[in-house]
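# Architecture and fold: a report
Residues per chain are reported as follows:
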Amino acid sequence: MSDKKYMLGIDIGGTNIRAGLVGEDYNLSDFIIESSTQIMDAEHAADKLLLFVKRYLDDQGKGKNIAGISLGFPSTIDRDRKVVLSTPNIAGLDNVPVVDTIEAQVGIPTYIDTDVDMLLRHDMFKGSIPDEGITAAFYLGTGLGNAIAINGELLIGKNGAAAELGHIPSRDVQGKCGCGNTSCVELFASGKHLREVCDTELGGAFIGNVFKEHSEDPAIRKFIHDLAIPVAAEINILDPDYIIIGGGVVQMPGFPKEQLETAIHEYARKPYPEQNLDFVYSVPGQENGVIGAGIHGFKQAKKRA
Ligand SMILES: [Zn+2]
């Protein structure tokens, strides 16, 4: 067995599950991507996840020094980062003691966190953002993902539920959020809402081209402007050193970055933090969550040692 240490990084999504080996230099190898339908909607999702880990270790991990396993979930996770509490988009991943189960069955130290925390780890590394200071990350996908790092530590909160920016309340919001509340900003600041805008206000416009073809339309300008509200709210609370912006919606062709940045400046407190906002856009990549999980695993392993 070679001396080189690897972290098995796993990124679990509603559609795909991705995995790879991350070295201590944070380089990725043996990346795989598989449909997560076998894990989704399964009565025994936790058992299937364990089988996936074992199969990966038998195939890609054979003969290698695997120092740990680090998994990112689209879920809420307990404060101790051991139990996946609730996963709205994947059946069977509620109240699952992932860390204890994998460690008992596989005998390798295991770490879990949210998918957006893993993306933050990746984007800080990729963007050469130092640990020192505050980094706030905003990931606009189906919902509004948020992650915060303070001096290299992820902000977890009393119950593990910090940085739920999508669920801050707002007046006059229509609809019901996935969390059960009816006032969440995610009801207007999300890809889900963008789809509604395409259907109802843009005559069924194809969402994939909506920014290329309609970015000056008042409905899109309003969407972008509204998106800036929660982002600026968090900026006004944290006065972050770096602001990471990413997610599938932001990475669509023609996304109007200037419109978003202008609106964030409009809502940010003057003169500061408004005069000194440092935006970093995450670079799209299938493997980002896996690399981030690997980085996170190495950092947690160091803390445990
Ligand atoms: Zn909500």
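Higher on the page you've got the structure.
Computed from a predicted model, the values in this text were never measured in an experiment.

A cluster of acidic residues, E132, D239, D241 and D278, forms a negative patch on the protein surface. As for its placement among the helices and strands, D278 is situated in the loop between α7 (257–267) and β12 (279–281).

The next subject is the nonpolar core. In terms of nonpolar packing, the biggest core is built from 45 residues, with L194, V210, F211 and I264 touching the most fellow members. Those residues in contact with L194, other than ones at most four positions away along the chain, are I207, V210, F211, I220, F223, V249 and M252. One finds L21, L50, I90 and L93 within the second-largest nonpolar core, a separate group that totals 29 residues.

Cis geometry marks the peptide bond from K270 to P271, where omega comes out at -5 degrees. Considering the arrangement of structural elements, one finds P271 in the loop between α7 and β12. For D30, which is not a glycine, the phi torsion comes out positive at approximately 55 degrees. Within the fold, D30 resides in strand β3 (residues 28–35). The backbone of A163 sits at a positive phi, close to 60 degrees, despite the residue not being glycine. You can see A163 is positioned in the loop between β10 (153–154) and α4 (191–200).

Turning our attention to the coordination of the zinc ion. Bound to the zinc ion are the protein donor atoms H167 (ND1), C177 (SG), C179 (SG) and C184 (SG), situated 1.9 to 2.3 Å from the metal. One can describe the site at the zinc ion as tetrahedral: its four donor atoms subtend angles covering 104 to 117 degrees at the metal. Between the donor residues of the zinc ion, the gaps in sequence give the motif H-x9-C-x1-C-x4-C. Note that H167 is positioned in the loop between β10 and α4 and C179 in the loop between β10 and α4, a separation of 12 residues in sequence. Under the relative-accessibility criterion, H167 is labelled partly exposed at 23%.

To continue, consider the side chain of S215. Assignment of secondary structure puts S215 in the loop between α5 (210–214) and α6 (218–238). Here the side chain of S215 touches F211 through a polar contact of 3.4 Å, landing on its backbone oxygen.

Topologically, V22 is positioned in strand β2 (residues 16–23). For the pair V22 and G292, spaced 270 residues apart in sequence, the C-alpha separation works out to 9.0 Å.

Conventions we followed
Residues numbered from 1 in each chain as written. Predicted model: local features only at pLDDT ≥ 70, side-chain atom pairs only at ≥ 80, totals over all residues. Heavy atoms only, no water. Patch = residues over 30% accessible without salt bridge, like charges linked within 9 Å, V, L, I, M, F, W, Y side chains within 5 Å. Areas by Shrake-Rupley, 256 points an atom, 1.4 Å probe, with all protein chains shown as cover. Salt bridge = Lys/Arg side-chain N within 4 Å of Asp/Glu carboxyl O. Lys, Arg positive; Asp, Glu negative; His and termini not counted. Charge placed at Lys NZ, Arg CZ, Asp CG, Glu CD. Helix = DSSP H or I, 4+ residues; strand = E, 2+ residues; numbered from the N terminus. Core = buried A, V, L, I, M, F, W, Y, C linked by side-chain atoms within 4.5 Å. Buried < 20%, exposed > 50% of the residue type's maximum accessible area, 1.4 Å probe, protein only. Contact = heavy atoms within 4.5 Å. Donors = N, O, S within 2.8 Å, 3.2 Å for Na, K, Ca; no water. Tetrahedral: all angles 85-135°; square planar, octahedral: opposite > 155°, others 65-115°. Polar contact = N/O pair within 3.5 Å; in protein donor to acceptor, adjacent residues only side chain to side chain.

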